[in-house]
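Here is how the chains run, residue by residue.
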Amino acid sequence: MSQLAPRPTADTAKKSGILNGLLVGLMWVLEIIDVALQGALDWIGVHAWNVAMLWTLFTAPFAHLGFGHLAANSIPLLILGFLIALGGLRQWIYVTLAAVIGSGLFAFLLNPPGTVTIGASGVVFGYLTYLIIRGWFSRDWRQLLLGLLVLLIYGSMLWGVFPTMPGVSWQAHLGGAVAGVLVAWWLHSQDRRRHSKRIWNQFDPEP
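Criteria and cut-off values
Residues numbered from 1 in each chain as written. Predicted model: local features only at pLDDT ≥ 70, side-chain atom pairs only at ≥ 80, totals over all residues. Heavy atoms only, no water. 1 Å grid on protein atoms, 1.4 Å probe; cavity = no way out; pocket = protein on both sides within 12 Å on 5 of 7 lines; lining within 4 Å. Points joined across faces, edges and corners; volume = space filled by probe spheres on them. Helix = DSSP H or I, 4+ residues; strand = E, 2+ residues; numbered from the N terminus. Buried < 20%, exposed > 50% of the residue type's maximum accessible area, 1.4 Å probe, protein only. Polar contact = N/O pair within 3.5 Å; in protein donor to acceptor, adjacent residues only side chain to side chain. Contact = heavy atoms within 4.5 Å. Salt bridge = Lys/Arg side-chain N within 4 Å of Asp/Glu carboxyl O. Core = buried A, V, L, I, M, F, W, Y, C linked by side-chain atoms within 4.5 Å.

Caption draft 1: Quick peek at the layout of surface pockets. One number sums up the size of the largest pocket: a volume of about 640 Å³. Surrounding the largest pocket, 37 residues form its lining, His69, Ser121, Val168, Ser169 and His173 being those nearest its centre. At the level of secondary structure, the elements contributing two or more residues to the lining of the largest pocket comprise α2 (67-85), α3 (89-110), β2 (116-117), α4 (121-138) and α6 (170-203).

Right, here's the structure in full:
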């Protein structure tokens, strides 16, 4: 079983906490402004089938429907994002971008024209599925155990990928979840192939 993931250090943990704290803190600052302006920032959500507004895929996670909506996303964002960032900035950036794009595209393509989707819950679902599945691709026992723990604590959230609650964007949830699985496969299968190649080269060096 390969050991591909670096062991987190106290410094890494500190930087991970700061990174995710800044991200969620920015969301709170924007929501305070949005509430003060009576929802004026909600237009930065994903506008389904409006190609001219496709750029809002990257801004939609920063808009929420009030403090309750944001608070519900903040805790899993902080916890799951922290766990991902322990693996390094590169990993956190790839997973976050994949979740943002995946959740945004599904909301853009699967919602009726004129629908506006806001919130970071699609990113939460991307973080969640990434953490659950990455150990399978990396064959790292630590990541497998962490994935199992995350599944036990947050696994019930996965029901959110189905259209069970009116007014909740299951489309964004599903897109984020799919993106989390795909980025786990891309990152960790790639790392495992490089690791295996290094081991093979030790036994079969080039002349």
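Having put the structure on the table, let's press on.
Caption draft 2: Geometry of the side chain of Gln171. Counting through the fold element by element, Gln171 comes out in helix α6. The exposure class of Gln171 is buried, given its relative accessible area of 8%. In terms of polar contacts, Gln171 uses its side chain to reach the side chain of Asn111, at 2.8 Å. With residues up to four places along the chain from it excluded, the contact list for Gln171 reads Phe106, Ala107, Leu110 and Asn111.

Caption draft 3: A look at unusual backbone geometry. Although it is not a glycine, Gln38 adopts a positive phi angle of roughly 60°. Among the structural elements, Gln38 can be located in the loop between α1 (10-36) and β1 (46-47). Classification of Gln38 as exposed rests on a relative accessible area of 77%. For Trp49, which is not glycine, the phi torsion reads 65° and is therefore positive. For Trp49, the position within the fold is in the loop between β1 and α2.

Caption draft 4: The pattern of salt bridges, seen in detail. Inspection of the entire model under this criterion finds two salt bridges. Of the charged contacts in the structure, one is a salt bridge between Lys15 and Asp11, with a shortest N-O distance of 3.3 Å. Of this pair, Lys15 and Asp11 both sit in helix α1, four residues apart, which is roughly one turn of that helix. Residue classification places Lys15 among the exposed positions, given a relative accessible area of 54%. We note a salt bridge from Asp140 to Arg142, for which the minimum N-O separation is 3.2 Å. Judged by relative accessible area, Arg142 falls into the buried class, the value being 19%.

Caption draft 5: Quick look at the nonpolar core. Counting 29 residues, the largest nonpolar core has Leu77, Leu80, Tyr127 and Tyr130 as the members making the most contacts within it. At the level of secondary structure, the elements contributing two or more residues to this core comprise α1, α2, α3, α4, α5 (141-154) and α6. If one sorts the elements of this core by residue count, α4 sits on top with seven residues. In this structure, Leu77 is in contact with Asn20, Val24, Met27, Phe82, Ala120, Val123, Val124 and Tyr127, ignoring residues within four places of it in sequence. Core analysis: the next-biggest nonpolar cluster, separate from the first, contains six residues, Val46, Leu57, Ala60 and Phe108 among them.

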